[in-house]
Amino acid sequence: MDNIYVLKFGGNAIRGQDDMMRLSREIAGLIADGARIILVHGGGPEISEEMERRGLVPEKVCGVRITDADALEVAEIVLRRLNSQVVSCLQECGVVALGIPGYFCTLCRKKAPMKVVEDGVEREVDLGLVGEVEDTDPQSIYDLLEQGITPVVYPIGKDADGRMLNVNADTMVAGIAAGVGCVEMIAITDVPGILRDVSDPSSKIDSLTLDEVDALIADGTISGGMIPKVEACRKALLAGVSKVRMVNGKDQRSIVSDVMKDVPHGTIITK
């Protein structure tokens with residue numbers, strides 16, 4: 001299918017009814033113009049808030065949440081609730097949408113312990129019940145799209161033994177985009193794109209190759225929570241997605257409406 005666009009947003013980029021309705025109207029417009037949309041969403045801020053409300057302490061390493069059984073339970077509850085809200089907004093805009101967990105279309109595995117460097121000290125961290133996408137079943141998604149249904153995926157996965165895993169939404173969207181094949185994967189963030197200076201929105205870089213991304217990581221321009229986002233972009237590109245675009249969910253003019261037009265918008269990353 002040459003008209004599939006895979007979109008992903010998190011709670012820092014799209015939050016609240018107004019933001020979600022604005023994005024839903026744009027998605028409805030894209031579908032009316034012939035696009036088939038797969039929407040993947042996270043909910044990091046909302047998960048952290050619910051954990052704190054329950055007296056749990058959220059902990060992240062390199063932008064990825066450490067997940068024990070309690071944190072996984074909170075993540076699933078919050079993501080299911082958010083998913084229902086997203087589907088409702090899309091339906092209100094005339095989109096036939098269906099909310100599904102990541103394990104509907106993916107097989108995941110527990111992420112292996114990772115080495116991190118903090119304050120100049122290297123250590124190994126086990127992220128707990130955190131998963132990464134091992135395989136994707138594209139036909140399950142194609143079946144929905146062919147019926148005119150827009151899948152709305154929340155990033156809870158399962159491994160081969162049926163164990164549930166919390167999957168970073170950037171990781172989930174990369175696995176799905178690579179598995180189904182798409183014209184473009186669009187990461188809706190809370191910044192205009194990749195910036196040379198994080199405090200200056202006008203320093204946005206219009207286009208990058210993966211080699212240029214590596215150079216920006218090496219010199220510290222890309223750091224922190226932006227690294228999982230660009231790594232998700234890398235995975236999708238290496239698996240066959242032709243381009244990945246990062247856009248600003250707070251843009252009042254257009255979040256994604258320009259993606260089917262020859263209009264410079266966000267930062268485009270290619271292999």
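What counts, and where the lines are drawn
Residues numbered from 1 in each chain as written. Predicted model: local features only at pLDDT ≥ 70, side-chain atom pairs only at ≥ 80, totals over all residues. Heavy atoms only, no water. Helix = DSSP H or I, 4+ residues; strand = E, 2+ residues; numbered from the N terminus. Buried < 20%, exposed > 50% of the residue type's maximum accessible area, 1.4 Å probe, protein only. Contact = heavy atoms within 4.5 Å. Expected span 1.5 Å × (residues − 1). Salt bridge = Lys/Arg side-chain N within 4 Å of Asp/Glu carboxyl O. Pairing = 2+ DSSP bridges. Axes fitted to C-alpha atoms, helices over the stretch in contact; angles between N-to-C directions. Core = buried A, V, L, I, M, F, W, Y, C linked by side-chain atoms within 4.5 Å. Phe/Tyr/Trp six-rings, centres within 6.5 Å; stacked < 30°, edge-to-face > 60°. Lys NZ or Arg CZ within 6 Å of the ring centre and 35° of its normal. Parallel < 35°, antiparallel > 145°, perpendicular 65-115°, else oblique. Left-handed = near helix turned anticlockwise from the far one by under 90°. Nonpolar A, V, L, I, M, F, W, Y, C, P; charged D, E, K, R; others polar.

1. Structural notes on the environment of S48
Part 1: Tracing the sequence through the fold places S48 in helix α2 (residues 44-53).
Part 2: Its relative accessible area of 17% is what places S48 among the buried residues.
Part 3: It is 8.9 Å that separates the C-alpha atoms of S48 and E59, two residues lying eleven residues apart in sequence.
Part 4: In this structure, S48 is in contact with P58 and R65, ignoring residues within four places of it in sequence.

2. A short note on helix α1 (residues 16-32)
An α-helix turns once per 3.6 residues; consequently, residues spaced three or four apart project the same way.
Part 1: End to end, α1 covers 24 Å across 17 residues, agreeing with the expected 24 Å (1.5 Å per residue, within 8%).
Part 2: Those residues of α1 that fall on the buried side of the exposure criterion are D19, M20, M21, R22, L23, S24, E26, I27, A28 and L30.
Part 3: Contact partners of the buried residues in α1: β1 (4-9), β2 (36-41), α3 (69-92) and β13 (184-189).
Part 4: Two residues or fewer after α1 comes G34, characterised by a positive phi angle close to 110 degrees.

3. Things to note about the pattern of salt bridges
When their charged atoms lie close together, side chains carrying opposite charge are able to pair.
Part 1: Taken as a whole and judged by the stated rule, the model has 18 salt bridges.
Part 2: For D126, the salt bridge is made with K110, and the minimal N-O distance between the two is 2.8 Å. Of this pair, D126 sits in the loop between β8 (121-125) and β9 (130-136) while K110 sits in strand β6 (residues 106-110), and the two are 16 residues apart along the sequence.
Part 3: The exposure class of D126 is partly exposed, given its relative accessible area of 43%.

4. Quick notes on the sheet that holds strand β14 (residues 207-209)
Through backbone hydrogen bonds, the strands of a sheet pair up, either in parallel or in antiparallel fashion.
Part 1: Pairing is mixed across the open sheet formed by eight strands, whose spatial order is β5-β10-β2-β1-β13-β15-β16-β14. Of all strands in the sheet, those with a lone pairing partner are β5 (97-101) and β14, marking the two edges. Between one strand axis and the next, the sheet turns through 20 degrees on average, direction left out of account.
Part 2: Inspection of the sheet shows β13 paired to strand β15 (residues 244-248) by five bridges, in the parallel sense. Among the inter-strand pairings, I188 is bridged to a residue of β15, identified as V247.
Part 3: α1 rests against β1, β2, β10 (150-154) and β13 of the sheet, and its axis sits at about 155 degrees to β2.
Part 4: Where helix α6 (residues 210-218) meets the sheet, its contacts fall on β14 and β16 (267-270), and the angle it forms with β14 comes to roughly 90 degrees.

5. Thoughts on the environment of V167
Part 1: Tracing the backbone shows V167 in strand β12 (residues 164-167).
Part 2: Overall, V167 belongs to the buried group, its relative accessible area being 2%.
Part 3: Taking the C-alpha atoms as reference points, V167 and Y154, 13 residues apart in sequence, are found 9.1 Å from one another.
Part 4: V167 has contacts with C108, G131, P155, G157 and M172, leaving out every residue within four places of it along the chain.

6. Thoughts on the nonpolar core
Part 1: Membership of the largest hydrophobic core comes to 54 residues, with the highest contact counts inside it found for V6, M185 and I194.
Part 2: It is α3 that contributes the most residues to this core, seven residues altogether.
Part 3: Contact partners of V6, with chain neighbours within four places excluded, come to I38, V173, A177, V180, C182, E184, M185 and I186.
Part 4: L23, C89, V95 and V152 belong to the second-largest nonpolar core, a separate cluster that totals 27 residues.

7. Describing the packing of aromatic side chains
Part 1: Under the defined criterion, the tally for this structure stands at zero aromatic pairs.
Part 2: Above the ring of Y103, the side-chain terminus of K158 is found at 4.3 Å from the ring centroid.

8. Considering the side chain of T67
Part 1: Inspection of the secondary structure assignment puts T67 in the loop between β4 (64-65) and α3.
Part 2: When sequence neighbours within four positions are dropped, the list of residues in contact with T67 reads L72, L127, G128, L129, V130 and N166.

9. Here we look at the packing of α6 against helix α7 (residues 226-238)
Part 1: Put simply, α6 and α7 touch, their axes get as near as 11 Å, and they point 160 degrees apart. One element, α6, and the other, α7, form an angle in the roughly antiparallel class. When the axes of α6 and α7 are compared, the crossing they make is left-handed. Counted together, L210, V213, D214 and I217 of α6 and V230, E231, R234, L237 and L238 of α7 form the full contact between these two elements.
Part 2: Along the lines of polarity and charge, the residues of the contact of α6 with α7 split into six nonpolar, no polar and three charged.

10. Considerations on the packing of helix α5 (residues 169-180) against α7
Part 1: Interhelical geometry of α5 versus α7 gives an angle of 15 degrees and a closest axis separation of 8 Å. Classified by the angle their axes make, α5 and α7 are roughly parallel. Note on packing geometry: the crossing formed by α5 with α7 is right-handed. Touching D170, T171, A174 and A178 of α5 are P228, K229, A232, K235 and A236, all from α7.
Part 2: Looking at the contact of α5 with α7 residue by residue, the class counts come to five nonpolar, one polar and three charged.

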